[in-house]
Amino acid sequence: MQNQQHHIRLPGMAQVFACLAIFLALAFSFTSLLDLPIQLALFIAWFVIMGLGIRLGHDYKSLEQAAVDGVAKGMGAILILVSVGALVGTWIAGGIVPSIIYFGLKVIHPSIFLLATLIICSLTSLATGTSWGSAATAGIAMMGIGHSLGVPAPLVAGAVLSGVYFGDKLSPLSDSVVLASTMSNVDVVEHIKGMLPISLFSYVITAALFTLVGMQYAGNVSLEQVNLVMAALDSQFNITPLAIVPVVLVLGLLANRKPAFPVISFGALLGLVWAIAFQGMDPVKAMHSAYSPFAITSGVDFIDNILGRGGMESMLGSVAVIIFGLGFGGLLEKVGILEVIANAFEKRINSIGSLTSHTIGTAFLANVFGSAMYVSLILTPKIMAKNYDRLGLARKNLSRNAEFGGTLTCGMVPWSDNGIFMAGVLGVATLDYLPYMWLSFTCIIVTITLAYLGKAVNRVPVIEAASSR
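Described below are features of the structure shown in this document. (Residues numbered from 1 in each chain as written. Predicted model: local features only at pLDDT ≥ 70, side-chain atom pairs only at ≥ 80, totals over all residues. Heavy atoms only, no water.)

**With respect to the overall build of the chain**
Piece 1. Regarding its fold elements, the chain presents 25 helices and zero strands.
Piece 2. In terms of C-alpha radius of gyration, the chain reaches 23 Å, essentially the compact-globule figure of 23 Å for 469 residues.
Piece 3. Taking the principal axes of the C-alpha coordinates as reference, the chain spans close to 70 × 45 × 40 Å.
Piece 4. The 469 residues of the chain split such that 56% are buried.
Piece 5. Considering only contacts in the chain between residues 6 or more positions apart, those separated by 24 or more positions represent 79%.
Piece 6. Total accessible area on the chain is roughly 19100 Å²; 66% of this is exposed by carbon and sulfur atoms.
Piece 7. Of note, the chain has its 23 positive side-chain charges centred 13 Å away from the centre of its 22 negative side-chain charges. (Helix = DSSP H or I, 4+ residues; strand = E, 2+ residues; numbered from the N terminus. Rg over C-alpha atoms; globule rule 2.2 N^0.38 Å. Buried < 20%, exposed > 50% of the residue type's maximum accessible area, 1.4 Å probe, protein only. Contact = heavy atoms within 4.5 Å. Areas by Shrake-Rupley, 256 points an atom, 1.4 Å probe, with all protein chains shown as cover. Lys, Arg positive; Asp, Glu negative; His and termini not counted. Charge placed at Lys NZ, Arg CZ, Asp CG, Glu CD.)

**Details of the nonpolar core**
Piece 1. In this structure, Phe113, Leu114, Leu307, Phe421 and Met422 are the most contacted members of the largest nonpolar core, which totals 146 residues.
Piece 2. Look past the residues within four positions of Leu307 in its chain and what remains in contact with it is Ile92, Val97, Pro98, Ile101, Leu233, Phe237, Phe294 and Ile296. (Core = buried A, V, L, I, M, F, W, Y, C linked by side-chain atoms within 4.5 Å.)

**Quick look at a nonpolar patch on the surface**
Piece 1. A cluster of nonpolar side chains, contributed by Leu242, Ile244, Val245, Val248, Leu249, Phe266, Leu269 and Val273, occupies part of the molecular surface with about 640 Å² of accessible area.
Piece 2. Going through the elements one at a time, helix H13 (244-255) and helix H14 (260-277) are the ones with two or more residues in the nonpolar patch.
Piece 3. Sorting elements by how many residues they give to the nonpolar patch places H13 first, with four residues.
Piece 4. Within the secondary structure, Ile244 sits in helix H13. (Patch = residues over 30% accessible without salt bridge, like charges linked within 9 Å, V, L, I, M, F, W, Y side chains within 5 Å. Salt bridge = Lys/Arg side-chain N within 4 Å of Asp/Glu carboxyl O.)

**What about the state of the cysteines?**
Piece 1. For the coordinates displayed, the defined rule picks out zero disulfides.
Piece 2. Here Cys410 is not disulfide-linked; the sulfur of Cys443 is the nearest cysteine sulfur, at 13 Å. (Disulfide = S-S within 2.5 Å.)

**What to know about the packing of aromatic side chains**
Piece 1. If you walk through the whole model with that rule in mind, you get nine aromatic pairs.
Piece 2. Through successive ring pairs, a cluster of aromatic residues spans Phe43, Trp46, Phe47 and Phe324. (Phe/Tyr/Trp six-rings, centres within 6.5 Å; stacked < 30°, edge-to-face > 60°.)

**Examining the packing of helix H4 (residues 60-72) against helix H17 (residues 316-335)**
Piece 1. Running from N to C, H4 and H17 point in directions that differ by 130 degrees, and their axes come no closer than 7 Å. Relative to H17, the element H4 lies oblique. As for the relative orientation of H4 and H17, their crossing is right-handed in sense. Touching Ser62, Leu63, Ala66, Ala67, Gly70 and Val71 of H4 are Ile323, Leu326, Gly327, Gly330, Leu331, Lys334 and Val335, all from H17.
Piece 2. Along the lines of polarity and charge, the residues of the contact of H4 with H17 split into eight nonpolar, four polar and one charged. (Axes fitted to C-alpha atoms, helices over the stretch in contact; angles between N-to-C directions. Parallel < 35°, antiparallel > 145°, perpendicular 65-115°, else oblique. Left-handed = near helix turned anticlockwise from the far one by under 90°. Nonpolar A, V, L, I, M, F, W, Y, C, P; charged D, E, K, R; others polar.)

Spatial relationships are all this shows, so hold off on functional conclusions.
Below, the structure written as structure tokens:
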């Protein structure tokens with residue numbers, strides 16, 4: 001065993017660049033040029049990294065186990081993803097989402113629609129701690145309202161994502177918050193306090209931008225289009241104020257720190273009850289909506305598209321992406337590619353500004369190559385922690401920068417778990433909504449700028465630093 005360990009070596013920088021370049025070439029060509037699923041690119045990338053690992057002295061079984069261990073880290077996300085699919089399907093079948101869209105069209109004025117979308121999605125995510133659940137409930141409803149008001153779908157999706165990610169990274173109920181703070185060895189409350197000033201400042205800027213842009217659509221609303229959508233919804237569903245009951249119950253349970261998987265599954269069950277009790281749906285057909293996308297023919301294409309979705313089946317492609325992506329991240333760590341990158345960074349980091357930008361960049365690249373936010377939030381603190389200690393900076397700087405670089409960019413990568421999920425749920429391609437993720441861009445720009453100016457930086461107290469030597 002000692003002999004075998006002795007022969008295992010780290011990859012050279014040329015080998016690291018070659019492997020990552022091959023993966024990027026596969027991902028780009030498959031999705032943009034060949035119209036092939038990203039799952040195939042990730043599957044092939046496994047064998048590229050395994051080939052390098054064997055060349056470096058690793059045996060195949062240990063590489064396979066590294067991939068399996070990587071996948072195991074994301075099983076919680078996979079369970080939530082499947083349950084969200086069931087919830088979306090049954091909430092559409094039960095008239096819950098259609099009722100929210102219907103009443104939203106009645107009360108939300110077009111001039112403040114984008115601002116309202118940002119605030120509603122922020123509050124939903126802050127209360128529940130889940131960006132996925134918030135996008136799949138409040139987000140879908142706002143997409144429906146936005147289309148009816150004539151607001152471009154990518155712009156609405158940008159407001160939705162700005163809201164859900166703002167709430168997600170400031171909620172003590174969020175798994176990303178817990179993960180980023182834990183991996184950085186920071187108390188959860190201190191982690192949130194560290195993010196709060198920049199997050200609020202960026203939120204105000206983002207809200208102002210969405211308000212100004214939203215005013216452009218105030219005079220473009222066709223009441224005829226709005227009335228057509230409301231009439232179509234009314235003819236297809238029994239619109240009722242009681243639709244808010246499952247929403248309140250699910251959000252209340254999540255806000256009380258109940259586990260996401262059983263709570264969202266319970267929400268899907270409530271959708272079944274509403275479909276049978278309020279929509280008069282056959283129980284077997286209602287059950288079917290939990291697995292397969294809900295079918296609707298209203299005569300209005302938009303309604304058919306926005307409501308013809310959901311079900312566990314619609315999430316299976318995303319599940320495959322997460323499995324292959326997490327396995328790929330596990331292999332990158334096993335063969336030492338991440339360690340080589342960390343060592344290279346250490347030689348280049350000589351200031352707070354460069355440390356901050358490298359941390360955020362590392363978190364983003366972990367989303368690109370690990371295909372999952374969990375990979376980013378686990379690996380970034382591992383790679384960058386010693387640099388914060390070396391420069392005498394408090395670890396909550398690390399947890400904040402890892403969260404900003406990991407959570408706020410995870411929806412920007414078309415083949416990541418968040419990119420796939422958000423594009424599927426909101427019905428907008430990742431690269432289409434990406435330019436409108438204004439909160440993410442603002443937070444990152446403000447953070448890096450302040451770091452180079454030496455502002456908003458917490459240092460390790462002298463006494464603490466001395467005692468740790």
